[in-house]
Each structure stands twice: as C-alpha cells, then as structure tokens.
Amino acid sequence: MKIGLDIGSTTAKAAVLDAQGTLLYSDYRRHYSQVAETVTALIQEIRSRFPEEHGAAFAISGSAGMGLAEKCGVPFVQEVYATRLCAEKMVPDADVIIELGGEDAKILFLKGIPDARMNGSCAGGTGAFLDQMATLLGVTTEGLNKLAKEHEKIYTIASRCGVFAKSDIQPLINQGARDSDVAESILQAVVNQTITGLAQGRPIRGKVLYLGGPLTFLDELRYAFDRTLKLQGVCPEHSLYYVAMGAAEKASEEFTFDGILRELDLHKRDMGFAHMEPLFQNPEEYDAFCKRHERDKVVRGAMPPQDGRVYLGVDAGSTTVKFAVVDKDGALLDERYESNSGNPVPRVRAYLEDLYARFPGIRICGSAATGYGEDLIRNAFSLDFGIVETVAHLIAAKKLQPDVDFILDIGGQDMKCLKIRDGVIDNIYLNEACSSGCGSFLQTFASALGMNIAEFAKLGIYADSPVDLGSRCTVFMNSSVKQAQKDGASLENISAGLSVSIIKNALYKVIRIGSAESLGRHVVVQGGTFYNDCVLRTLERELGADVVRPDVSGLMGAYGAALYALEHSTGSSSVLTAQQLAAFTHESRPVTCSGCENHCRLTINTFSGGRRYISGNRCERPVTSRKADDSLNLYAFKRAQLASYQPKPGTRGKIGIPMGLNLYEQLPFWHTFFTKLGFEVVTSPVSNRALYVEGQDTIPSDTVCFPAKLMHGHVRALVREDCETIFYPCMSYNLDEGMGDNCYNCPIVAYYPEVLAANVPELRELRFIHGYVGLHRPGNVARKLWEMLYRDFYIPLPQIRTAVRAAYAAYEAHMDRIAQEGKRVIAAAREQGKPLIVLAGRPYHIDPEINHGIDRLITGMGMAIVSEDALRGLTDAPPKVQVLNQWTYHSRLYAAAEYVSRQKDMQFVQLVSFGCGCDAITADECRRILEEHGKIYTQIKIDEIENLGAAKIRLRSLFAAAGIEK
Amino acid sequence: MKKKKTTDRVIFTKEMKKTHTILFPDMLPIHFEIIRHVFDQYGYRTEVLHNDGREVINTGLKYVHNDTCYPALLVIGQFINALQSGKYDLDHTALMITQTGGGCRASNYIFLLRKALKKAGFEQIPVISLNTSGLESNPGFQLTIPMLVKMMVALVYGDELMLLSNQVRPYEKHQGDADALVGVWVKRIGTMLSSRRGLTLPEMRRLFDEIAQAFAAVPQKRCSKIRVGVVGEIYVKFSPLGNNGLEKFLLEQGCEVMVPGVMGFIMYTLSNQEVDHRLYGGNVVKSSLSKVALHYLEAVEGAMLDAIRRTGCFTAPSPFPRLEELGDRVINRGSKMGEGWLLTAETLELIENGYPNVICTQPFGCLPNHINGRGMMNRIKELAPQANIVAIDYDSGAASVNQENRIKLMLSSAKRSGDPDSAPMEEKRSHSNKEEYAMT
C-alpha cells in the first residue's frame, strides 16, 4: 500500500494506492493551520479503513508539506512534479494542466518543451482570493459559482493580483452592480490572471486538464476558462488528488502507522519561525492597557433629545456601513456599525426605518454621507451633503482631541493617514492599491479559519511569540503565513503576527516614518481595525508613545459626517421621510455608455421618486449629456495634437509606428522624418482594453509596467493594418533638454523594442526596425539613421539629412505648442478663477487607457490641467535635487515640482504607473521639493485598474486641504 | 549643455583618510576581502561588513522607500544597522558605495543612502562614491590608475577562487577543504598585493596556475550532480544576504553551482563605451581608452582561464569576446542598463558550457531584467531547447518557501531533460525515481 499526502495552503489531502497504482481511498479536509493535527486525523481514518495493514510507503507533497516531511523524515515530492507524474499516468494525451490551489496557481506544459509555471511572489493565490471575494459578497465560493450562472455582463476587473481585483470589485458592489455580474467578473479575473501571469506568451492549446479545488468545485470557473481559451477543457476524475496520487506513486519508503503518528505527535509544537516579543507580558499589563484606553470616550446623550432635532451621518465604507446621530450640541445619540453584505442600500434603508420607528418624535435637521458609497447613498436617500471621508475623519477627531496633529485610519480596504497642521489637513497619505485590504484581510483570514474577526483578534493578545511576517502587501503576507504554518506556528502567534504587520505596513510602507516624533504628539487612531487590541498595542509600541483610540473608533467617519451636517444644517433636511421610505425602491442596471470612445461600463441606479444615480462614468457626459469641456485641459490638447499626424500616401510604402511609451512624444519627429522620405506613416490606434488584450499573450514579464504591456497590443494592431515595416527604435538616451546631468531613458522605455522583437512572433515575418538611435546627438543622427535604413531602403544620405532637420524642427515646434498652450491655460484659469492642477507624469500618461480618464475627472471637478512638459520655458535652470538627476523625464518632474512649489494657486499631482521603479525615486524627491515649500504632494498610482474611486478621494482630499473644494 | 551642481554632501577630506575607517557593503565575500588589502596599501583603513539577517532587512525597510530595489534596501540596511550597533566610532567612520552612473536606477543608491543617513540621524558620516565616471569626487579619496589596476587584479584573483571552489565544494571528500583553501589563498594574495607582488602578467600566470593546481589537489569524489548556473542582478547574484544563501541551498540539493565571475561585469561596463560610440557617435578618446583597458583585462582573464583549463579537471568559463558573440545572437549590445546584454549572454554561455539549468536571480521589479532576463527567455529557449531556466524574484517580503519551491521544480525538470538521449517521458520516469530521492 502506498500513501501520498498533499498538504496545501488550506487543505490536506490523502490518496491511498495499491501496488498496481489503483486508487483505493482518498480524503481531504481543511487544516485551518493545524497541519500536524489534520494529517494525524487523516492517517487515523486510513488506518481504520484498512485494519489489516500496519503501515505503508509514505510520501508527502504540497506547499505546506515540506517542513512536516523534513521533521518526520518522510520523503518529500515537489508538488508540480507529483502532478505531472500522476497526469502522465491518468491522462497521457494531456497537453496542458491548469491547476489552481488554495494559494497557488500553476500551468504545466507537458508537450513540446516541457515547462511548468507557478505564480510569482506577486500574484495572489486563487483559491484564497475566491474565498475572500465570496466573503465580500456574503456567500460561499459555491454560492459565488451559483450566482455567476445568472450573469448578464462582465465588468473589467484588474487581473494581476488579488488585492487589485478587490479594489475594483469593492466599488462595483458599493455602486450597486448586480451580484451575479460581479461574481462572474471575479471568475473571469481569475482566468485572466492565470493566463497572463503564468502562460506568459506561451499559447495554451490542445487537451487541457483542470485540477485542484476551485476548478473541481466551480463549474462556472471552468466555463470561464473554456470561453477565454476557446477550447473545451477536461476536469478528470479525482482532479483534487493528482498531487497526492503523484506523491503516493513515488512513495517507496515503508513506515508503520504507529511510527508516523508518533512522529507527528512529536512535531505538533515546533518553534521554527521568525518571531517577536509578546505583545503583552502578562494579564496585568493588558488590563492597564485597557484601562488607559477606556478614558477616550465621546460625549453621549440620550435619545430622543428634548427638542427632537437630530443630525444624521452615514459612512458607507468598503465593507461596512456606519451610522451616527447627534444632537444640536454634537453629543452622540445613536450609532450602528454593520457589514454592508455587498450592498449598502438596504442597510441604510433598514436603519432609517428602524430609527423612525423607535423615535417617532425626532426630526432630522441635517444629513450627510461619506465613504466609498457616498454618492450612491446620498442620491438614494436624498441626504443633504456628501463629504469626502478624510474631511469627515478630521472633524470627528477634532471633536475628541482638538489639538490632534495626526490621524491614522485603518479601514477595511484602505488606510488613511492625515497630518494636521493648524486644524487643517496638511498632508494625506493613502495606501497604494497594492497594500490595501488591510482590515478586510484580517477578516478574510479569520473566516478562513472559521472564526469571527473579534475572536481572531483576541487570540493574539497573549501570543507568546508572534510571527514576524514583514511589512508588505497582503499577498506577500499570505505566503509568509504559509511559511510560518509550515514551521508550526500556532494560531495565536499568527494572529498576533498579522496585527503587527498591519501596523508595520502603515508606518513603514504608507507613511514611511523615520521616527515617532515626526508624527506629532497627538495621534488619534480610527477605523474598525483598531478595535483589535493587538493592532493598537503594536502601534503604541512602534511609536513608543500612547495614542488616542476613541471608543467609537470604527464610527468616526459617520460621526464626523453627522457633525458636518449639524454645522452646515439649514434647519431642515431633505432626507427621505418614513412615508417616502415605505415606498422606496432601488433598481440597478448595467449599460455601456456610447458617448465617446471610452465606452465606459455604467451602472444606472434608479430609485423611487425618479432619482437616478449613474456610476462607473469617467466624465460628466452620461450625467449631464454634455461633451467634456476640454478648453483648460492640456492632456486633451496633447492628444488632439498627436491625432493630427495622419498618414500621407507615399512612394516608399507603409511604415507603422506603435503609439506608446516615448513615441507618444516623439511622434512629430518620426512622422515628419518618414513622411519627408516618402513613407506613408501609419500609427497604431488609440489604446483601449481590446487592444491590450490582443497583445496580452506575448508579455513575458507580468510585473512590468502597464504602459509597456500595452505595446504588445500596439504592434499587433500595426501587423493587422498590413504594415510591411514597423519602426520602433531603442534609445538609451532621450533628447537632452539641459535640465539634468544626463538624458537617459528608463530601461523599459530604452529597450522595450528588444522585448517585442523577442516575444511577438509576427514581428519576425515583417521588417521590424528596432535599431539604436541617439537623438541626444543631433550631429550624428542622420548618418546613424542612414546606416540603419540602408539595408532595406536605399535612401541617399543628403535626403536623410534634410528629413532629420525637418524632424527636429517639427519636434521642437510640437514642444513649443505645448508650452504655449500651457501659458494660455494658466492665464485663462487665473482669469476664470479656476484652480490649477499640474498633472505631472510621463508623456505616455496622456493615453486614456493608461490614465483611465483622470484628466477629465479633474476638469469635471472644475479645475484646469497643465502637464509637466507644458511648464518648459517657465523653468529655466534645473532645480537643486538630492538625487541623481540624469533621466530626461525625471528632470521635467523635478522642474515642475519646483515651479509649482512657488505658485500659490497651483497643486501638484503625480501620475505613477504601478511597477515603475524609477518613480519610486522621483515620487520621494518631488514630495521633498514640495513639502519644503509647505505644499502638498499627491500621487495617484495607475495600473490596469479601471475604477477611479481611490483617485477621487485623494483628489478631493487634496482640494479640501488646499481649500479649493467645490 | 551639462551643468554640474554642488551638493551639500559631507566631503571625505584628506584628514579623514588618516582618522576614518571606511565601511564596505558585503557583496562579494571573497573578492572584497582581497580588495581590502589594496586599500590598505594606499593607506585607507577599511572593513567589509558582515552583519546580516532579519535585522538588516528591517533596518532597510525603515529607512528606504519600499518600492526601491531590494539591493538598495539591503546595502543601506546593512550600513545603518552597523552604524547603530555601537561598534563604530561615528565621528571616525565613512561609508563607501559603488556608483556606475548608468541608466538603471541603481545609480541612485548613494543618494538614497544619504537620505537614509539623514533620516537615521547620521548626517555627519561621509559617503564615498566609488566610480570611474567622475560622478563625485572627494579630496581624501583618489582613485588612481595604478590603484584601479590593482583592484581589477584583485577581482580576477577573486573570480578564480570563486570559480574553482564552486567546482570543488560539491565533490570534496573532506567537507570544508575548499573553503579552507579559499581562506588560505585570500590571505596569501592579500599579503602579496600589499607588498606589490603578483601584479605583472607573468607573475599572475604563475600564481593562477598555482591556485588552480592547489584546488585540483583537494581530494575529491567525482560523481554526477545537477549542474546549475546562476546569473542575475549583480548584488542578488553574488551576495548570500541578497539571495537567501542560494549557493548553500543548491549545494544542499546536490547541485554543482557555476556563478560567472564579476570580471564579466567590469568588462561589460568598459565595452559599453565602445558600443555607445558605435551606436551614437561621440568621444573617440574615451572609447579608445576603455578599449585599451578592456584588452588588458581580457589578457589577464585569459591567463586565469588558461590556468583553470590546464588542470584538465575543471570547466573554464568562456572568455569575454565569446560572451559578446553570444549576446549578439539574441539582443543588441546597446542594451546596457543594469546587467544589460551581459545577463542574456551569460545565460547562453552557461548553457553552452554544460550548465543548462540556469537560475536568473533578480530583485522584485528589477527594470533591466524585464528586458534582459525574462524578456529574452523565450528567445534563449528557441536557440537552446535544452535550456531549463527559472527566474527567481528576491524581495524583503518574498517567502523563501516560494523561492525554494520554484528552484526545486526547476531541478526536477533538470533530471529529465539532463538525459542526453531524450527518450519519451514514460520510459524516463523509472530511473529518475531514485534520483528524486537522492535530491530531496
């Protein structure tokens, strides 16, 4: 008898084979981190089923099995190897295996050059991800599967990593998208993630096997794979047990059951993981801690107040919805904090009905909404005000601690840090999309272990050696937890470790403090996550100072909104009355907007009384039916300029130029150059989702920035246009604008043509000219281009010289036009009294698929937009910087930041593509330049993510802080 | 067009040369110990840092922007951790860091280090930039040509010791012999360099031979091992701190490891001058100067490789011109940021030299490696179907279990494709059985 054990991140499986390799018995169960215990149970079960056997040959496999195997002296079989072994036996004609596990995703190519791909350190686990998403929707994964069957449409959800996808789904839920559509979109995101992240350009064809838990249990997920891969995959019999069976196959060393069980028992409590000091040494310490925090209480009053006048605040957060009711003095009368179960609207309705029923005598005299669902709730229930959550938090914190100078808010999805100076927001730090999900991460973790969040948090209080999990995004933590589990860490220590890592994330990743003093002396913490004593304790310990945790720390947003409503009340509120509530209806319907080329997927919410709320829009057009006003939008100006370079028929045939990365700026140069030489210059179309997907399968590195990934689609589009030649030069150097010590491009911009040449097969069938060009040396360019083109086109050198001269002139004229327009916009905005935003980035950030329409979002808020390159001429000398200033695009950013820091009516907002290592440096330096002059630095990270919710909060907070909120 | 600006950095003055100890980060354990002796000879007091572990990473996380590359985080973490340890007199300590001045963001390390020092309250500590491109200068630290030459020679000796010990360690009969021999030679070479010996080409030839013979004489038990090559970003490729002790892990897995030497990188940097001139035109003097230097180093490296080859029992890596040829097959040598085309070429060289299993180490999100590492893998596999390559990301948050899992997976394929007569998979399974256990 041979037994294979497969210990994965969430489950343990066993397969028993006879000598001929036939499966006799199999079993699986969730191990909830209790690996040794679960395996013991599995073995005992096997033993009872085969009473005549005293032992068997054993082998262990699985991502969490390595440690156990080592300790028990049982041979370990790498899990991918085991899968392959089993597949070769069971389905010899399989070509490709797709296996999704709790936290792993794998693709195995069996034919041709055998190859196996596992998810990298960044792509989140898929099973765990599905669990997390299901929890978000308030269903099980099977429920998610069932929901998905009813879907009508699929929303675009970022597919690179779980956390990203989550930040996309959350707003969809809050904006009232249909559950079934969201469910299907989640499954589709898993599919996209697997294909882009793992196949990385290698086509998935032939007979495909689906293995592992999610693919076994969720048929909709299999259909989603089938649909996307355009084939019919197979989920074979025993698809859960391939790893275990493969391991059993390899088992040759005999063990007695008694022996194995004894070993397991010995190793139940092994301490092999990196750990830290306990959070509390003893119960006394914990009591003292609790006592101290009991002091921080808000003023409360009895309901109903004497005059019957109350003010309502609603905070519709990412996972919860919170209510606060105050009286005319701001005393808290009523409160509620509950999960929104994926849709906040019914929760709010229920609360209001309940409020009216309990206290028929009250009169709501003011009402305000805040949080992610602010617009939805405000429209649905006709509240008076909508305020950005950062402002709500500040108002609430000030009530409790008037001289507060720092607020740290950790909610379900996001983390907000507000630095307060003289009572106004001086600086804002929001977590980047990659580390979001802190609070809800704990939540999901807890429910994966079968307990609620409060229980789970409590576990950590007396943990003797909390696991050191580091401070990075939650996906990394998942694998660190896996490691700790492997090393036998107890639940208590994992719980405490997770709490610690949340704080470390906040301090060292989001705020990046050097010392506790830099936060200020009066720190107020809020957000539901701080109900967790371990989290609070860690913060105090890291800061080496006591902080204030209000007794309503999870409620502060709603409390602040209520206080705002009180302050701005006109004496009465338009909030729905009890009668209106009784007749309340809410319907949501997905549609695709056809207003412009963006084709936004909108959700139209209709409420009783004819109120409507549209979400998902990137401009005001679907709401106001007016075209976006681009008169003070330099991004739109630049796009229009580039669109004017149209192909002119020529004698030398077509030459294609992909519109992306540096060519977004250099188009005037190359268009002029090649048109002059008699080519018909064809540019690739404006980027959109479909274009991206077209090239997706040829991207070799899944962590490269999105603008680079788009290039694959652009060259494919040119191939489709029958260009016999495509021109996309490599450029180590950019043009030298004299604003830095050198004029490099970043490595990606410099050499991406090499990647395309090596990975897009069609490019070998046509002429793909991707030689090296140095525009920084105008004197040499003509000869070098002549050499480059000579092999294919016999163009005389003088002709090239003339074309180069014209090209430089065209480029200069283009840049001058931008600078002129910049001056015009600044003057016009000043005349019209509009605030100016310098939306700084890189030339390709004007691509609407890259910035997701952020420029129009800003102009829609009544601001004027100038780009960093439009400030040329206003800044003549390079600013003094504390970094190496040798990249052309970076130099522009520094110069722009320096210029803005001296302008009272300008704000600096930097667009940063996710994965841009260079901007890690520029962002820090731009921040320093601005802060030295008392200006606020705002960064917006952009990726495939379609939703602009987070960007909106950031911008509105900036406007509020700068005193220019509408 | 270029405008030089003065920064407010702390200058390393002539007086400091006498009073200060200069600290080095730990990147090349063998090489840096030898180089120290060159510094000694020129009157600098230096020390190579060896502090490591989670402490260093945590310090780095605290003082460096989390999104910058992992090597920056480690190097700076190691420096600040050392300064905080109380082991050093803060008024008489300086730091030294290399700066290539290339288009990779790594050229910024020194600035990030200064920012971090400021944040940690060590503003008084001078930081010396070790560069050959005139990026920053200090009156107290002059990199003269003879000194530079000696440093290069030290690196070649280091490369030889590394290449040989890597080929002996897996087979030594008595565990620890190879490392002990490295220790002996590091001392001997150091003393010789201090007394200005071992610097002429004939002397080097003799010494190279002597070293190679010494390693050949270590009692060894030759058996079949999986031969694994390591390429990658220079810091994580070499530094055990950066790659979670990769060489040790591979050794435990029953592999023989080949790590191409650091001279390749130096020569690559020099050759870039010439390539730049060819591609873009420009300063002839600069490019011919580097050509001269390149030829000299090629001669030295050639002598070292000859010595290894003459032993008859060790694999000598291919000389630099061969790497250039190999690189040309896949990528233009204009790709010069970070490790640039060299990384691609080294991968091909390893495959060609009998190390078809290659680990490409890179910091998570390393920009040049998107191009030269992952970006070129499909091409490499087309050219060399036997290639068995895995890219491993290193990062402060990446769990070593994931890295090890992926390496083990690569190794398990190595067993199969390592077979010269590629029989169908079913037949091969039976004999890979035993090996699998031997490996794990």
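The text that follows walks through the structure, step by step, so that each part is easy to find. Just so it is clear, the structure is predicted and the values come from calculations on it, not from any experiment.

Criteria and cut-off values
Residues numbered from 1 in each chain as written. Chains lettered and ligands numbered in written order. Predicted model: local features only at pLDDT ≥ 70, side-chain atom pairs only at ≥ 80, totals over all residues. Heavy atoms only, no water. Salt bridge = Lys/Arg side-chain N within 4 Å of Asp/Glu carboxyl O. Helix = DSSP H or I, 4+ residues; strand = E, 2+ residues; numbered from the N terminus. Buried < 20%, exposed > 50% of the residue type's maximum accessible area, 1.4 Å probe, protein only. Phe/Tyr/Trp six-rings, centres within 6.5 Å; stacked < 30°, edge-to-face > 60°. Lys NZ or Arg CZ within 6 Å of the ring centre and 35° of its normal. Pairing = 2+ DSSP bridges. Right-handed = clockwise from strand over helix to strand, strands pointing away. Expected span 1.5 Å × (residues − 1). Polar contact = N/O pair within 3.5 Å; in protein donor to acceptor, adjacent residues only side chain to side chain. Contact = heavy atoms within 4.5 Å. Core = buried A, V, L, I, M, F, W, Y, C linked by side-chain atoms within 4.5 Å.

1. Here we look at the pattern of salt bridges
Residue and element names in this part refer to chain A.
Here is step 1 of the chain: Under the criterion given, the structure shown has 62 salt bridges over all chains.
Here is step 2 of the chain: Residue Asp630 pairs with Arg856 through a salt bridge whose shortest N-O separation is 2.8 Å. Here Asp630 is found in the loop between helix 23 (621-624) and helix 24 (634-643), whereas its partner Arg856 is found in helix 32 (residues 854-860), with 226 residues between them in sequence.
Here is step 3 of the chain: One salt bridge connects Arg720 with Glu694, and the closest N-O pair in it is separated by 2.8 Å. Highlighted residues: Arg720 in helix 27 (residues 706-720) and Glu694 in helix 26 (residues 689-695), separated in sequence by 26 residues.
Here is step 4 of the chain: Taking relative accessible area as the criterion, Arg720 reaches 52% and is therefore assigned exposed.
Here is step 5 of the chain: A residue is classified by how much of its surface remains accessible, and Glu694, at 25% relative accessible area, is partly exposed.
Here is step 6 of the chain: Each of the salt bridges in this network shares a partner with another, and the network as a whole consists of Glu665, Glu737, Glu812, Asp816, Arg872 and Arg892.

2. What about unusual backbone geometry?
Residues and elements named next belong to chain A.
Here is step 1 of the chain: Pro304 follows Met303 through a cis peptide bond whose omega is -5°.
Here is step 2 of the chain: Tracing the backbone through its elements, the reader meets Pro304 in the loop between helix 12 (283-294) and strand 11 (309-316).
Here is step 3 of the chain: The backbone phi angle of His238 is positive, close to 60°, even though this residue is not glycine.
Here is step 4 of the chain: Note on placement: His238 falls in the loop between helix 9 (219-229) and helix 10 (242-250).
Here is step 5 of the chain: Not every positive phi belongs to a glycine, and Ser382 is a case in point at roughly 60°.
Here is step 6 of the chain: Mapped onto the fold, Ser382 is located in the loop between helix 14 (374-381) and strand 15 (385-386).

3. Thoughts on the packing of aromatic side chains
Here is step 1 of the chain: Summed over the entire model, instances satisfying the criterion amount to 40 aromatic pairs over all chains.
Here is step 2 of the chain: Centroid distance A:Tyr286 to A:Tyr462: 5.9 Å. Interplanar angle 80°. Geometry classified as edge-to-face. With A:Tyr286 in helix 12 and A:Tyr462 in the loop between helix 17 (453-459) and helix 18 (474-486), this residue pair connects regions lying 176 residues apart in the sequence.
Here is step 3 of the chain: Judged by its relative accessible area of 10%, A:Tyr286 is buried.
Here is step 4 of the chain: Judged by its relative accessible area of 45%, A:Tyr462 falls in the partly exposed class.
Here is step 5 of the chain: By way of ring pairs, the aromatic residues A:Phe669, A:Trp670, A:Phe673, A:Phe674, A:Phe679, A:Phe727, A:Phe793 and A:Tyr808 are connected into one cluster.
Here is step 6 of the chain: Looking at B:Arg227, its charged tip hangs above the ring of B:Tyr355, at a distance of 4.3 Å from the centre.

4. A closer look at the pairing of strand 30 (residues 937-942) of chain A
Residue and element names in this part refer to chain A.
Here is step 1 of the chain: Judged by how many residues are buried, strand 30 sits mostly within the fold: 5 of 6 residues are covered.
Here is step 2 of the chain: Summarising the sheet, strand 29 (residues 906-913) and strand 30 pair through 6 bridges and their orientation is parallel. Residue pairing for strand 30: Ser913 is matched across the bridge by Ile942.
Here is step 3 of the chain: Taking the sense of rotation as the criterion, the β-α-β connection linking strand 29, helix 34 (residues 917-932) and strand 30 turns out right-handed.

5. Quick notes on helix 3 (residues 79-90) of chain A
Residue and element names in this part refer to chain A.
Here is step 1 of the chain: The terminal C-alpha atoms of helix 3, which comprises 12 residues, lie 16 Å apart, in line with the 16 Å expected from a rise of 1.5 Å per residue.
Here is step 2 of the chain: For helix 3, the complete set of buried residues consists of Glu79, Val80, Tyr81, Ala82, Thr83, Arg84, Leu85, Cys86, Ala87 and Glu88.
Here is step 3 of the chain: A side-chain oxygen of the first residue of helix 3 lies 2.8 Å from the backbone nitrogen of Val80; this N-cap is Gln78.

6. A look at the side chain of A:Arg292
All names here are of chain A.
Here is step 1 of the chain: Relative to the helices and strands, Arg292 is located in helix 12.
Here is step 2 of the chain: By relative accessible area, which is 19% here, Arg292 ends up buried.
Here is step 3 of the chain: There is a polar contact of 2.9 Å between the side chain of Arg292 and the side chain of Glu540.
Here is step 4 of the chain: With sequence-adjacent residues up to four places away left out, Arg292 is seen in contact with Glu540 and Asp546.

7. Details of the environment of A:Asp375
Residues and elements named next belong to chain A.
Here is step 1 of the chain: By the secondary structure assignment, Asp375 is in helix 14.
Here is step 2 of the chain: Sequence-wise, Asp375 and Gly21 are 354 residues apart; in three dimensions their C-alpha atoms are separated by 61 Å.
Here is step 3 of the chain: Those residues in contact with Asp375, other than ones at most four positions away along the chain, are Tyr613 and Lys952.

8. Considerations on the nonpolar core
Here is step 1 of the chain: Judged by nonpolar contacts, the single largest core of 291 residues is most densely connected at A:Trp670, A:Phe673, A:Phe674, A:Tyr752, A:Phe908, B:Phe215 and B:Leu250.
Here is step 2 of the chain: In terms of residue count, helix 6 (residues 145-168) of chain B provides more of this core than any other element does, 13 residues in total.
Here is step 3 of the chain: Counting 45 residues, the second-largest nonpolar core is a separate cluster that includes A:Met415, A:Leu491, A:Ile494 and A:Ala506.

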